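# Analysis of the macromolecular model
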Amino acid sequence: MSGNTTYLELSQDGGGAHKFYEVTVDGLNVTVRYGRIGTAGQVQASAFPTAEKARAAAARKVGEKVRKGYAPAVRGGRAARPVTRRQVASAPSTARAVAPVLWRFRTGAAAFGIHISEDRCWVGNEAGDVYTLGHDGEVLARYQLPDGVKCLVADDFWIYAGCDDGTVYDLSAKLPFAAYEIASDVDIFWLDIHEGVLNVADRNGGLTVIDHEDEYQWSRKSTGSHAWMVRRDDRAVYHGHGSGVTAYAQDGGGELWHTATTGSVLFGWQEDHSVYAGTNRHVVQRLSKTDGAVEATYRCDAAVYSCATAPGGRYVFAADCASSVYCFTADGTRLWKLGTGSGSALSMQYLDEKLYMVTTEGSLVCVDASEAAIAAAQSGTVPVPLDVKSAAALPTYAPATTVRTVTAPPASGVVVECVQESGRLRVHVVSDGYEPSWNVQFPRHIRQAGARYVVEALSPAASGFYRVRGEIQRLL
């Protein structure tokens, strides 16, 4: 097999799997390329101490895929299936005044992904760009992912980007890596991660739950399609789709309740005791997490594209398809409606009297949502927004295409090992000072039985596993 390439495809009828897997052996090196048929895919490369071990590793990889239904194919023989992009229209705002925008950053493509943490802002767009900015608007770094970003989610201080290539990338380290591999033909509409468990809502109204080791747990098909909402807590998974919101037991035990909302759900938010569903029938509805009862309705003047709350649901914010943003009290009283000045907000988040939005124009917008600033805006006085520019030498990070090898771990490194347990390939910590029975969240595509790797650090997660911090290197 040395010097040869094996190319496999798995293509199912009815919109099922449509992906390829290619393994090339060149001496001591094995290169794997995989992804949706018709795309360049992702590339991972590994080096081995001998050519014999390289050939054996390649044979194992091919054998695993053949057992899963892949078959030899001719590259280019099948056409690519189109990726679903969210088709959104944005009309001018009918509000009489414009929101007090402090600054805005144009990413260059429509943006759905946003996450606002205590120290920085994250925005991801349909071109696969993810930018981090300070709260003052300074652009700090850029990540270039292989496909469009559908959403950004956080789990403690880990940040994940769900992309159109069916992969969820961990952006918490300097270099992003694929933390979860969803079928490359699945159209991710929204994600939520809770204590390492990934919850995926998709175009067909499906809900898929995957554990921290990137292994399938359970799935459900709700009664409606186009599931743009998924939120999770310790009690349930809340799935919003074309027919309303359905709550499922977090262990997959079945449906807890279903509420038919006023219109199809286009966005979702959650607080401790309630979930919020924005719909195409001009409303946001607050539902009880206990039984799905509608607790309040927040009425807008057009289809709601996104919503968010101040802590505890004290204020409820919404954005519509006509470039307007609203604020309501908890009981549903509308306090104000203002134009965004930058298109319709596709996602939003509130923090410290500021409302951050990402828009159809591809902008990340920071609005002063304090009472004084809003009152001034309603009377026609707004600040001149700062248009943020990227620095010419902005650091740009992309997923690593190779796994570097080292012959000895650095003094500060942590050694982990891949082991077979009950037919599954697990990763455990070898270095002292860690709980050896805990598993490690580790990219599946580079796991090899018996192989050891070095990571910069491991952080414990609440549910009893470790997460990788920093670069992953193979230990020879």
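These remarks concern the structure in this document. (Residues numbered from 1 in each chain as written. Predicted model: local features only at pLDDT ≥ 70, side-chain atom pairs only at ≥ 80, totals over all residues. Heavy atoms only, no water.)

## A word on the overall build of the protein
Secondary structure summary: the protein contains two helices and 41 strands in total. Its C-alpha atoms give the protein a radius of gyration of 23 Å, near enough to 23 Å, the size a compact globule of 476 residues would have. Across the 476 residues that make up the protein, the buried fraction comes to 57%. Contacts in the protein between residues at least 24 apart in sequence constitute 49% of all its contacts with a sequence separation of at least 6. With an accessible surface of roughly 19200 Å², the protein has 49% of that area assigned to carbon and sulfur atoms. Averaging the locations of the 46 positively and 51 negatively charged side chains of the protein gives two centres separated by 5 Å. (Helix = DSSP H or I, 4+ residues; strand = E, 2+ residues; numbered from the N terminus. Rg over C-alpha atoms; globule rule 2.2 N^0.38 Å. Buried < 20%, exposed > 50% of the residue type's maximum accessible area, 1.4 Å probe, protein only. Contact = heavy atoms within 4.5 Å. Areas by Shrake-Rupley, 256 points an atom, 1.4 Å probe, with all protein chains shown as cover. Lys, Arg positive; Asp, Glu negative; His and termini not counted. Charge placed at Lys NZ, Arg CZ, Asp CG, Glu CD.)

## Side note on the packing of aromatic side chains
For the coordinates displayed, the defined rule picks out 20 aromatic pairs. Consider the rings of Tyr21 and Tyr70, whose centres lie 6.4 Å apart with planes at 65 degrees: the pair is edge-to-face. Of this pair, Tyr21 sits in strand S2 (residues 18–26) while Tyr70 sits in the loop between helix H1 (51–67) and strand S5 (71–72), placing them 49 residues apart in sequence. Residue Tyr21 is classed as buried on the basis of its relative accessible area, which comes to 9%. We classify Tyr70 as buried; its relative accessible area is 7%. For the ring pair Phe189 and Trp228, a centre distance of 3.8 Å and an interplane angle of 15 degrees mean the geometry is stacked. Residue Phe189 is located in strand S15 (residues 188–194), and its partner Trp228 is located in the loop between strand S18 (216–221) and strand S19 (229–232); the two are separated by 39 residues in the primary sequence. On the basis of relative accessibility, which here comes to 1%, the residue Phe189 falls in the buried class. In textbook terms, an aromatic cluster arises when at least three aromatic residues are bridged by ring pairs, as seen for Tyr276, Tyr298, Tyr326 and Phe328. The lysine or arginine in question, Lys65, covers the ring of Tyr21, its NZ or CZ lying 4.8 Å from the ring centre. Positioned above the aromatic ring of Tyr7, the side-chain terminus of Arg75 is 5.0 Å from the ring centre. (Phe/Tyr/Trp six-rings, centres within 6.5 Å; stacked < 30°, edge-to-face > 60°. Lys NZ or Arg CZ within 6 Å of the ring centre and 35° of its normal.)

## Considerations on a negative patch on the surface
Together, Glu118, Asp119, Asp352, Glu353 and Glu371 give the surface a local cluster of negative charge. Examined against the element boundaries, Asp352 turns out to sit in the loop between strand S31 (345–351) and strand S32 (354–359). (Patch = residues over 30% accessible without salt bridge, like charges linked within 9 Å, V, L, I, M, F, W, Y side chains within 5 Å. Salt bridge = Lys/Arg side-chain N within 4 Å of Asp/Glu carboxyl O.)

## Regarding the sheet that holds strand S28 (residues 315–320)
With respect to topology, four strands assemble into an open sheet ordered S27-S28-S29-S30, the strand pairing being antiparallel. Two strands close off the open sheet at either side, each with one partner strand: strand S27 (304–309) and strand S30 (334–339). With direction set aside, neighbouring strand axes in the sheet form an average angle of 20 degrees. Relative to S30, strand S29 (residues 324–329) is paired through five bridges, and the arrangement is antiparallel. Looking at S30, one finds that Cys327 is bridged to Trp336. Where helix H2 (residues 371–378) meets the sheet, it contacts S28 and S30, and its direction lies at approximately 60 degrees from that of S30. (Pairing = 2+ DSSP bridges. Axes fitted to C-alpha atoms, helices over the stretch in contact; angles between N-to-C directions.)

## Here's the deal with the environment of Trp228
Residue Trp228 is classed as buried on the basis of its relative accessible area of 6%. The sequence separation of Trp228 and Ala376 amounts to 148 residues, and the corresponding C-alpha distance is 35 Å.

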